[in-house]
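Understanding the architecture of this molecule
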Amino acid sequence: MALRTVWRTVIRSGTELGSNNVRGIRTTAVLCHRAAPLGPMPNEDIDWKNLETLEKYRSYTRYLKTAEEANSNPVWWRTYGQYIEQEKGDNAHERVNIGLPHCRPSRTKEARDRKKQVKENRCNPELERAARLRNFRIPLERVRAEWEVTSGPYHIQRLAEHYGVYRDLFPMAYFVPRIMLRVTYGDDNSAAVHFGNHLTPSKAAALPQVSFTAEDDSLWTLLLTSPDEHLEDGEQEYVHWLVGNIPGSAVQSGEEVCNYFPPLPPKGTGFHRYIFILFKQEASVDFGADRRPSPCHSLRERTFSTLQFYRKHQEVLTPAGLAFFQCQWDESVTQTFHTLLHMKEPVFEYDRPPVYHPPQKKYPHRQPLRYLDRYRNGHKQTFGIY
């Protein structure tokens, strides 16, 4: 109580001592209330006044080994990352990988194949001559094939996370697309589906050509869905195509559970995502409960949920491939609403608020001549040029 009275007296006399003195007294008072450390401070045992006596590492390897040992030793303080993890709380759950496992060949086999390839390259005079003259060319098809096997699946996973594919279709889960899915539209395969590229609804109006590498005795399921275009419930989707029990890579020989429907992004809603997902089947699946009438021209019957579909068949279905594109409204969407769905086309508009302008000054300083155009034809009196 006496200390509190003294502190109030010092604050009241701050004007006589000066603001800087008061700030110094306040800082000193705060430092006096700090608790002592719970253990030894970092590098407390180092004599910083005599650094020449410290032991030298003499190599980067010894330094790295010592740093790893020091990092593994338990300490009484918490790092910044540990504070952040504590703030997240117990509600933060780790996402589950629901995709195919990665079967990487042994390092010994990779090293043996690499040595064999290097030996063959050294014995090739044409390759040596092209490298010496700097006109050696690598086919892009070979580069793409190598990319699909090595780092391609992880690049596609990052793109899918960027576009929110896993977040909207598989909450708290993800998968690495190990199987490369090739989707093209048009008779000449001019419109290809990659990973987020833009296609018009008129180009994607017809059935696409889908191909992937698979064994002849394997079974697959192909799904095309859109998580953005549902008109009544933002949590639901519209299924645009569903083919199950595909033998090998012959999509046309599979069981069509829901016929193909062209993209349907309403006017004024921006870009919509259309996602192809390839599932690998462990056995033949009965899709009787998921079957839609053919042809299905009802949006209510096409209401779909990828998460519920996967939960129903998760014992036999495993996500393996992924491809997606984006679509925006064009004139073909109007024809789809009128001819196929027999309904009025919904049109969405954004009501923009009026542009705010501050009150006009009679003598504006350093304003352009177009400054007067902001206040013409208004309700309030404006000032012109005199």
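Being a predicted model, the structure only gives us computed values, none of them experimental. (Residues numbered from 1 in each chain as written. Predicted model: local features only at pLDDT ≥ 70, side-chain atom pairs only at ≥ 80, totals over all residues. Heavy atoms only, no water.)

**Brief notes about the overall build of the protein**
Scanning the protein from terminus to terminus reveals twelve helices and twelve strands. When each of the 386 residues of the protein is scored for burial, the buried share is 31%. Across the protein, the fraction of contacts at a sequence separation of at least 24, relative to all contacts at a separation of at least 6, is 70%. If you sum the accessible surface of the protein, you get close to 28,000 Å²; carbon and sulfur atoms cover 52% of it. (Helix = DSSP H or I, 4+ residues; strand = E, 2+ residues; numbered from the N terminus. Buried < 20%, exposed > 50% of the residue type's maximum accessible area, 1.4 Å probe, protein only. Contact = heavy atoms within 4.5 Å. Areas by Shrake-Rupley, 256 points an atom, 1.4 Å probe, with all protein chains shown as cover.)

**As for the pattern of salt bridges**
Counted according to the given criterion, the structure contains twelve salt bridges. Its salt-bridge partner being Arg-132, residue Glu-128 comes within 3.2 Å of it at the nearest N-O pair. Taken together, the residues Glu-128 and Arg-132, both in helix H7 (residues 125-132) and four residues apart, mark about one turn of the helix. Take Glu-128: its relative accessible area is 41%, and that puts it in the partly exposed class. Residue classification places Arg-132 among the exposed positions, given a relative accessible area of 53%. Between Arg-182 and Glu-148 there is a salt bridge whose closest N-O contact spans 2.9 Å. (Salt bridge = Lys/Arg side-chain N within 4 Å of Asp/Glu carboxyl O.)

**Describing the sheet that holds strand E3 (residues 182-185)**
Strand order across the open sheet formed by three strands is E4-E3-E6, with antiparallel pairing between neighbours. Here the strands that pair on one side only, and so sit at the sheet edges, are strand E4 (191-193) and strand E6 (209-211). The average undirected angle you get between the axes of adjacent strands in this sheet is 20°. Strand direction decides the pairing type here: E3 and E6, joined by three bridges, are antiparallel. Considered in E6, the bridge of Arg-182 is made with Ser-211. (Pairing = 2+ DSSP bridges. Axes fitted to C-alpha atoms, helices over the stretch in contact; angles between N-to-C directions.)

**Points about the pairing of strand E7 (residues 219-226)**
Counted residue by residue, E7 has seven buried out of eight residues, so it is predominantly covered. Looking at chain direction, E7 and strand E8 (residues 237-247) are connected through seven bridges and run antiparallel. Considered in E8, the bridge of Ser-226 is made with Tyr-238. Of the pairings in the sheet, the one linking E7 to strand E10 (residues 272-281) comprises seven bridges and is antiparallel in character. Each bridged residue has a counterpart across the sheet, and for Thr-225 the counterpart in E10 is Ile-275.

**Regarding the packing of aromatic side chains**
Overall, the coordinates contain 16 aromatic pairs when judged by the stated rule. Ring geometry for Tyr-60 against Tyr-63: centres 6.1 Å apart, planes inclined by 45°, an arrangement best described as tilted. Highlighted residues: Tyr-60 and Tyr-63, both in helix H4 (residues 60-72), separated by three residues, approximately one helical turn. Residue Tyr-60 is classed as exposed on the basis of its relative accessible area, which comes to 58%. The class of Tyr-63 is partly exposed, set by a relative accessible area of 42%. Consider the rings of Tyr-274 and Phe-325, whose centres lie 5.5 Å apart with planes at 20°: the pair is stacked. Residue Tyr-274 is found in strand E10, and its partner Phe-325 is found in strand E12 (residues 317-327); the two are separated by 51 residues along the sequence. Residue classification places Tyr-274 among the buried residues on the basis of a relative accessible area of 1%. (Phe/Tyr/Trp six-rings, centres within 6.5 Å; stacked < 30°, edge-to-face > 60°.)

**So, the pairing of E3**
Here three bridges tie E3 to E4, and the two strands are oriented antiparallel to one another. Of the residues in E4, the one forming a bridge with Val-183 is Val-193. If you look at the hairpin formed by E3 and E4, you'll find five residues sitting between the two strands, and Gly-186 has a positive phi there, around 95°.

**Let's talk about the environment of Phe-287**
Mapped onto the elements of the fold, Phe-287 is located in the loop between E10 and strand E11 (303-304). Residue Phe-287 is classed as buried on the basis of its relative accessible area, which comes to 0%. For the pair Phe-287 and Asn-245, spaced 42 residues apart in sequence, the C-alpha separation works out to 9.1 Å.

**Quick look at the side chain of Glu-148**
Along the chain, Glu-148 turns up in helix H8 (residues 140-149). Residues in contact with Glu-148, not counting those within four places in the same chain, are Pro-153, Met-180 and Arg-182.

**Here's the deal with helix H6 (residues 107-122)**
With 16 residues, H6 should cover 22 Å at 1.5 Å per step; its first-to-last C-alpha distance of 23 Å lies within 8% of that length. Counting buried positions along H6 yields zero of 16 residues, so the element is predominantly exposed. (Expected span 1.5 Å × (residues − 1).)

**Some thoughts on the nonpolar core**
By size, the foremost hydrophobic cluster in this structure holds 29 residues, and its most contacted members are Phe-170, Ile-277, Phe-279 and Leu-322. Those elements giving two or more residues to this core turn out to be helix H9 (152-162), helix H10 (165-169), strand E2 (173-174), E8, strand E9 (255-258), E10, helix H11 (306-312) and E12. With near-sequence residues (within four places) excluded, Phe-279 lies in contact with Phe-170, Leu-219, Trp-220, Thr-221, Leu-223, Phe-309, Tyr-310, Leu-317, Thr-318, Pro-319 and Ala-320. One finds Val-193, Leu-199, Ile-246 and Phe-276 within the second-largest nonpolar core, a separate group that totals 26 residues. (Core = buried A, V, L, I, M, F, W, Y, C linked by side-chain atoms within 4.5 Å.)

**Focus: the confidence of the model for the protein**
Taken residue by residue, the protein gives an average pLDDT of 85. The fraction at 70 or more is 88%. Note on residues 14-31: pLDDT is under 50 here. Beyond four places in sequence and across chains, it has eight contacts. (pLDDT = per-residue confidence, 0-100.)

**Focus: unusual backbone geometry**
The omega angle of the peptide bond from Ser-294 to Pro-295 is -5°, so this bond is cis rather than trans. Of note, the phi angle at Arg-58 is positive, near 70°, even though the residue is not glycine. Taking relative accessible area as the criterion, Arg-58 reaches 67% and is therefore assigned exposed. The phi dihedral of Met-172 is positive, around 65°, even though this residue is not glycine. Topologically, Met-172 is positioned in the loop between H10 and E2. With a relative accessible area of 43%, Met-172 lands in the partly exposed category.

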